[in-house]
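Chain residues, written in single-letter form:
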Amino acid sequence: MKRELAAGLLLLTLVGGAIYNIIYVTRLVADIGACLESSERAISAGEAEKAVQDADKALEKWLGAERYTHIFVRHSEIDATSDAFYELLQDLSAGEYEGIDRAYARLNYHLSSIATMEQISLGSIM
């Protein structure tokens, strides 16, 4: 009976951890996405300095989550997302705004991919 109880508690802990993981990554991506959306609106309005500040804020949130991402997210996704961040910031800092919408889209794609990969689906369970 004790083994069954321990197994049940372990299973509940794993399910709880999975749910927490999904909530955490969803919030992280939403917070970063809000900063990027603000940055993109600023660049569209011609406010380059605010756009850089908001993109920097998004990068700070991304880098601040390293303890989480380096454990739960594949390293190839971390690298691709970080590269997309730095390319966007380089374009913003250099004043190269032609095609900047594609840089935002690329970064948002990587972030949404990370969130999507953490979602539970029938395929991820089987």
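Residue numbers restart at each chain and count upward from 1, following the sequence in its written direction. Side-chain atom pairs in this predicted model are given and counted only at pLDDT of 80 or more, local residue features only at pLDDT of at least 70, and totals for whole chains, interfaces and linings cover all residues. The side-chain values count all of the structure's non-hydrogen atoms but skip hydrogen atoms and water molecules.

**Concerning the confidence of the model for the protein**
Point 1. When pLDDT is averaged along the protein, the result is 91; 94% of the residues meet or exceed 70.
Point 2. Every residue carries a pLDDT, the predictor's confidence in it, which falls somewhere between 0 and 100. Every helix listed is a DSSP run of H or I at least four residues long, and every strand listed is a run of E at least two residues long, numbered separately from the N terminus. Taken element by element, the protein is modelled with least confidence in helix H6 (residues 122–125), mean pLDDT 62, and with most confidence in helix H2 (residues 48–64), mean pLDDT 95.

**Concerning the packing of helix H4 (residues 75–94) against helix H5 (residues 100–118)**
Point 1. With axes taken as lines fitted to C-alpha atoms, and helix axes fitted only over the stretch in contact, angles between N-to-C directions fall between 0 and 180 degrees. As a packed pair, H4 and H5 sit with axes 9 Å apart at the nearest point and diverge in direction by 155°. As judged from the angle between their axes, H4 and H5 are roughly antiparallel. In terms of crossing hand, the pair formed by H4 and H5 is left-handed. Counting all contacts with H4, which are made through Glu 77, Ala 80, Thr 81, Ala 84, Phe 85, Glu 87, Leu 88, Asp 91 and Leu 92, the residues of H5 involved are Ile 100, Ala 103, Tyr 104, Arg 106, Leu 107, His 110, Leu 111, Ser 113, Ile 114 and Met 117.
Point 2. Under this grouping Gly is polar, as are all residues other than the nonpolar Ala, Val, Leu, Ile, Met, Phe, Trp, Tyr, Cys and Pro and the charged Asp, Glu, Lys and Arg. A breakdown of the residues in the contact of H4 with H5 according to their chemical character gives 12 nonpolar, 3 polar and 4 charged. Note that the term roughly parallel is reserved for angles under 35 degrees, roughly antiparallel for angles over 145, roughly perpendicular for angles of 65 to 115, and oblique for everything else. By convention, the crossing between two helices is left-handed when the near helix turns anticlockwise from the far helix through less than a right angle, and right-handed when the turn is clockwise. Note on contacts: a residue pair is in contact if any heavy atoms of the two residues lie within 4.5 Å.

**What to know about the nonpolar core**
Point 1. Judged by nonpolar contacts, the single largest core of 29 residues is most densely connected at Ile 32, Leu 36, Trp 62, Phe 85, Leu 88 and Leu 92.
Point 2. At the level of elements, helix H1 (2–44), H2, H4 and H5 are the ones that each hand at least two residues to this core.
Point 3. The element best represented in this core is H1, accounting for 8 residues. The term nonpolar core refers to a set of buried residues drawn from Ala, Val, Leu, Ile, Met, Phe, Trp, Tyr and Cys, joined through side-chain atoms within 4.5 Å. Relative accessibility decides the category of a residue: with a 1.4 Å probe and only protein chains considered, values under 20% of the type maximum give buried, values over 50% give exposed, and everything between is partly exposed.

**Thoughts on H5**
Point 1. Given a helix with a known number of residues, its expected span is that number minus one, times 1.5 Å. Across its 19 residues, H5 extends 28 Å between first and last C-alpha, which sits within 8% of the 27 Å expected from 1.5 Å per residue.
Point 2. Within H5, the full set of buried residues consists of Ile 100, Ala 103, Tyr 104, Leu 107, His 110, Leu 111, Ser 113, Ile 114, Ala 115 and Glu 118.
Point 3. On the buried face of H5, the contacting elements are H1, H2, helix H3 (66–72) and H4.

**Some thoughts on the packing of aromatic side chains**
Point 1. We call Phe, Tyr and Trp rings a pair once their centres come within 6.5 Å, taking the six-membered ring for Trp, and we label the pair stacked below 30 degrees between planes, edge-to-face above 60, and tilted otherwise. One pass over the full model with this rule turns up 4 aromatic pairs.
Point 2. Every member of this aromatic cluster is reached through a ring pair, and the members are Tyr 20, Tyr 24, Tyr 68 and Phe 72.

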